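# Remarks on the overall topology
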Amino acid sequence: DQQVKQNSPSLSVQEGRISILNCDYTNSMFDYFLWYKKYPAEGPTFLISISSIKDKNEDGRFTVFLNKSAKHLSLHIVPSQPGDSAVYFCAASWGTGTASKLTFGTGTRLQVTL
Amino acid sequence: DAGVTQSPTHLIKTRGQQVTLRCSPKSGHDTVSWYQQALGQGPQFIFQYYEEEERQRGNFPDRFSGHQFPNYSSELNVNALLLGDSALYLCASGYRGQSPLHFGNGTRLTVT
């Protein structure tokens, strides 16, 4: 049972344009959501997170939107840069003290072209 | 400031053997979690250690066990290896189990 889903395995975007990565979840208990970026041969690197009490969180070029009623979140990258090319994982957790137990999606490979 | 370090980086084992993977958390962190990432999948939670005890466990069999030492470093042990155990094993650390977690670069285990 895939509780966190990233339905787009890959995405190609031109440099300077907006990249939008999507994530859906099924477990309504999730109350904290994160995005991680992963380069080959490296571990996932934390990008940005959002608590379920918010619907938007912004950090520089990265913005995460949360739609709880739709159980959907998205990551916007504006403007996209070639260095953003990586695999992006959406992750979710719930409950105090359980933040180590992240449920990940299967990832979306973003390629930013020149 | 050293991040999360894992050893070894690569490992090849035969079915039925046992393996031990090691992890040192980021400085200042006291909680270690282990994840298994199969090819084409997202990381899957194996278990979390805090104060030298297993605090949470994912859906993994008892062949997977671990340990946390007083210096917060951790080991993951897998017994009776199966071909399906071939994966990237990621260690993540945090402070008191809080997000965000910081991940190491992983150990690539191949079982033949």
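The structure this text deals with has already been given above.
Residues numbered from 1 in each chain as written. Chains lettered and ligands numbered in written order. Predicted model: local features only at pLDDT ≥ 70, side-chain atom pairs only at ≥ 80, totals over all residues. Heavy atoms only, no water.

### Considerations on the overall build of chain A
- Broken down by element type, chain A carries 0 helices and 11 strands.
- Along chain A, from the amino end to the carboxyl end, the secondary structure elements read β-β-β-β-β-β-β-β-β-β-β.
- Taken over the C-alpha trace, chain A has a radius of gyration of 13 Å; the compact-globule value for 114 residues is 13 Å, and the two agree within 12%.
- Taken over the C-alpha atoms alone, chain A extends approximately 40 × 30 × 20 Å along its principal axes.
- The buried share of chain A, reckoned over its 114 residues, is 45%.
- Relative to all contacts within chain A whose residues are 6 or more apart in sequence, the contacts with residues 24 or more apart total 54%.
- Entry remark: accessible area of chain A is about 5600 Å², with carbon and sulfur atoms responsible for 49%.
- Of the charged side chains in chain A, 11 are positive and 9 negative, and the gap between their average positions amounts to 3 Å. (Helix = DSSP H or I, 4+ residues; strand = E, 2+ residues; numbered from the N terminus. Rg over C-alpha atoms; globule rule 2.2 N^0.38 Å. Buried < 20%, exposed > 50% of the residue type's maximum accessible area, 1.4 Å probe, protein only. Contact = heavy atoms within 4.5 Å. Areas by Shrake-Rupley, 256 points an atom, 1.4 Å probe, with all protein chains shown as cover. Lys, Arg positive; Asp, Glu negative; His and termini not counted. Charge placed at Lys NZ, Arg CZ, Asp CG, Glu CD.)

### A look at the interface of chain B and chain A
- Contacts between chain B and chain A engage 22 residues on the former and 19 residues on the latter.
- Here chain B packs against chain A, burying approximately 1600 Å² in sum over the two surfaces, 56% of which is carbon and sulfur.
- If you look at where chain B meets chain A, you find 0 salt bridges.
- At the boundary of chain B with chain A, the tally comes to 3 residue pairs in polar contact (both at pLDDT 80 or more). (Buried area = accessible area lost by both parts, 1.4 Å probe. Salt bridge = Lys/Arg side-chain N within 4 Å of Asp/Glu carboxyl O. Polar contact = N/O pair within 3.5 Å; in protein donor to acceptor, adjacent residues only side chain to side chain.)

### Description of the nonpolar core
Residues and elements named next belong to chain A.
- Judged by nonpolar contacts, the single largest core of 23 residues is most densely connected at F33, W35, L73, L75 and Y88.
- Elements with a minimum of two residues in this core: β3 (19-25), β4 (32-38), β5 (45-51), β7 (62-67), β8 (72-77), β9 (86-93) and β11 (108-113).
- If one sorts the elements of this core by residue count, β9 sits on top with 4 residues.
- In this structure, F33 is in contact with Y25, I48, S49, I50, L66, L73, A91 and A92, ignoring residues within four places of it in sequence. (Core = buried A, V, L, I, M, F, W, Y, C linked by side-chain atoms within 4.5 Å.)

### Regarding the sheet that holds strand β7 (residues 64-68) of chain B
Residue and element names in this part refer to chain B.
- As summarised here, the arrangement of the 4 strands in space is β1-β3-β8-β7, forming an open sheet in which the pairing is antiparallel. Looking at which strands have only one partner, the edges of the open sheet turn out to be β1 (5-7) and β7. Here the strands of the sheet are splayed against their neighbours by 20 degrees on average, with no regard to which way each runs.
- Bridge analysis of strand β3 (residues 19-24) against strand β8 (residues 74-78) gives 5 bridges, and the strand direction is antiparallel. (Pairing = 2+ DSSP bridges. Axes fitted to C-alpha atoms, helices over the stretch in contact; angles between N-to-C directions.)

### Some thoughts on the sheet that holds β7 of chain A
All names here are of chain A.
- In space, the 5 strands of this open sheet follow the order β1-β3-β8-β7-β6, with antiparallel pairing throughout. Unpaired on one side and paired on the other, β1 (4-5) and β6 (56-59) mark the two borders of the sheet.
- Taken together, the 6 bridges between β7 and β8 define a ladder with antiparallel strand orientation. Paired with N67 across the two strands is H72, which belongs to β8.

### Quick look at the state of the cysteines
Residues and elements named next belong to chain A.
- One pass over the full model with this rule turns up 2 disulfides over all chains.
- The disulfide bridge from C23 ends at C90, spanning 2.1 Å between sulfur atoms. Here the disulfide of C23 and C90 is left-handed, its torsion about the S-S bond being about -70 degrees. Note that C23 is positioned in strand β3 and C90 in strand β9, a separation of 67 residues in sequence. (Disulfide = S-S within 2.5 Å.)

### Considerations on the side chain of Q37 of chain B
- Structurally, Q37 of chain B can be placed in strand β4 (residues 31-37).
- Side-chain polar atoms of Q37 of chain B contact the backbone oxygen of Q41 of chain B, separated by 2.9 Å.
- Discounting chain neighbours no more than four positions away, the residues touching Q37 of chain B are K38 and F89 of chain A together with G42, P43, A87, L88 and L90 of chain B.

### Quick notes on a nonpolar patch on the surface
All names here are of chain A.
- A contiguous nonpolar surface patch, about 230 Å² in accessible area, is contributed by I18, I20 and V78.
- Along the chain, V78 turns up in the loop between β8 and β9.
- With a relative accessible area of 42%, V78 lands in the partly exposed category. (Patch = residues over 30% accessible without salt bridge, like charges linked within 9 Å, V, L, I, M, F, W, Y side chains within 5 Å.)

### Digging into the pattern of salt bridges
- The full count for this structure, using the stated rule, is 6 salt bridges over all chains.
- Across the pair D84 of chain A and R61 of chain A runs a salt bridge, and its minimum N-O distance is 2.8 Å. A residue pair is termed long-range when its members are at least 10 positions apart, and D84 of chain A in the loop between β8 and β9 and R61 of chain A in the loop between β6 and β7 qualify at 23 residues.
- Overall, the relative accessible area of 22% leaves R61 of chain A in the partly exposed class.
- Between E75 of chain B and R22 of chain B there is a salt bridge, with its nearest N and O atoms 3.4 Å apart. Residue E75 of chain B is located in strand β8, and its partner R22 of chain B is located in strand β3; the two are separated by 53 residues in the primary sequence.
- Taking relative accessible area as the criterion, E75 of chain B reaches 17% and is therefore assigned buried.

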